[in-house]
Each structure stands twice: as structure tokens, then as C-alpha cells.
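Understanding the architecture of this molecule
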Amino acid sequence: TIDISDAPNGSCSILTINTLDRPGLLVDIVRVLKDVNLNVVSGEVDTIGSQAHDEFFVTYKGEPLTAPMQTLVVNSLNYYLSLNEMATNESY
């Protein structure tokens, strides 16, 4: 799941990603965030068993994410993470 909320102090947005862990997951997430020009203020990355729980404090042009930007980020992450998931689940 991917969720975006406002930080309590209003200075940034909190991007939370819960998904199955896999090699290269963090690299894929960071690549998408870079591609949509987000600035990661800070982050916490945890793995419990096979589950990854990542939380990033992000801004866009120094501000919290607007609703349209939140939609873009969630859709982009869902799309690119599902592409990699489909590629790793293919059987030959």
C-alpha cells in the first residue's frame, strides 16, 4: 500500500510504502521519487520478515505535496513497482 499524509508540523508530506520486500526495492522507489522531482527530507526504511515498511518525509519545490502531486506520486509508484513485481513473478 502507498499512502501520503501531511506531516503534523505542515512542513512536508509523509509518504508511507508497505509492500513485499525484494532486491532493488529501495533503488526503484528512490528512482521514481527522483523522476517526479521530489526532495526526500528524511526517511526510515524497515524490513520485517518479507514485508518492507518505508516512510519518507518529502517535499516538492520546498512545499508539502498538493493533492494532484500526491496522485501523481502514488500512481507512479504503483505503476513502476507493479512492473518489477510482474517481471519477477514470470515463470519460464
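Procedures and definitions
Residues numbered from 1 in each chain as written. Predicted model: local features only at pLDDT ≥ 70, side-chain atom pairs only at ≥ 80, totals over all residues. Heavy atoms only, no water. Helix = DSSP H or I, 4+ residues; strand = E, 2+ residues; numbered from the N terminus. Rg over C-alpha atoms; globule rule 2.2 N^0.38 Å. Pairing = 2+ DSSP bridges. Axes fitted to C-alpha atoms, helices over the stretch in contact; angles between N-to-C directions. Salt bridge = Lys/Arg side-chain N within 4 Å of Asp/Glu carboxyl O. Buried < 20%, exposed > 50% of the residue type's maximum accessible area, 1.4 Å probe, protein only. Contact = heavy atoms within 4.5 Å. Core = buried A, V, L, I, M, F, W, Y, C linked by side-chain atoms within 4.5 Å.

1. Digging into the overall build of the chain
If you tally the helices and strands in the chain, you get two helices and four strands. What you see in the chain, going N to C, is helices and strands ordered as β-β-α-β-β-α. For the chain, whose C-alpha radius of gyration is 13 Å, the value lies close to the compact-globule estimate of 12 Å for 92 residues. Taking the principal axes of the C-alpha coordinates as reference, the chain spans close to 50 × 25 × 15 Å.

2. Quick look at the sheet that holds strand 2 (residues 13–20)
What holds strands together in a sheet is hydrogen bonding between their backbones, with the strands either parallel or antiparallel. Read from one edge to the other, the open sheet built from four strands follows the order 1-2-4-3, with strand pairing classed as antiparallel. Only two strands of the sheet have a single neighbouring strand rather than two, namely strand 1 (2–6) and strand 3 (39–48). Each strand of the sheet is rotated relative to its neighbour by a mean of 15 degrees, with strand direction disregarded. Sheet topology places strand 1 next to strand 2; five bridges connect them, and they run antiparallel. Across the sheet, the residue bridging to Asp-6 is Ser-13, located in strand 2.

3. Re the pattern of salt bridges
Pairing of side chains with opposite charge becomes possible as their charged atoms draw close. Per the stated rule, a full pass over the model turns up two salt bridges. A salt bridge links Arg-22 to Asp-28; the nearest nitrogen and oxygen atoms lie 3.0 Å apart. You'll find Arg-22 and Asp-28 in the same group, each marked buried. As a salt-bridge pair, Arg-31 and Asp-28 come within 3.1 Å of each other at their nearest N and O atoms. Of this pair, Arg-31 and Asp-28 both sit in helix 1 (residues 25–35), separated by three residues, roughly a single helical turn. Three or more residues are tied together by salt bridges with common partners; here these are Arg-22, Asp-28 and Arg-31.

4. Quick look at the side chain of Thr-59
Summarising the element assignment, Thr-59 is placed in strand 4 (residues 51–59). With sequence-adjacent residues up to four places away left out, Thr-59 is seen in contact with Ser-11, Cys-12, Asn-37, Leu-38, Asn-39, Val-41 and Leu-65.

5. Brief notes about the nonpolar core
Generally speaking, a soluble globular protein has its nonpolar side chains buried in company with each other. Residues Leu-15, Ile-29, Leu-33, Leu-38, Val-73 and Leu-77 are the most contacted members of the largest nonpolar core, which totals 19 residues. Elements with a contribution of two residues or more to this core: strand 1, strand 2, helix 1, strand 4 and helix 2 (67–89). Considering each element in turn, this core owes the most residues, five residues, to helix 2. Contact partners of Leu-15, with chain neighbours within four places excluded, come to Ile-2, Asp-3, Ile-4, Leu-33, Asp-54, Glu-55, Phe-56, Val-58, Val-73 and Leu-77.

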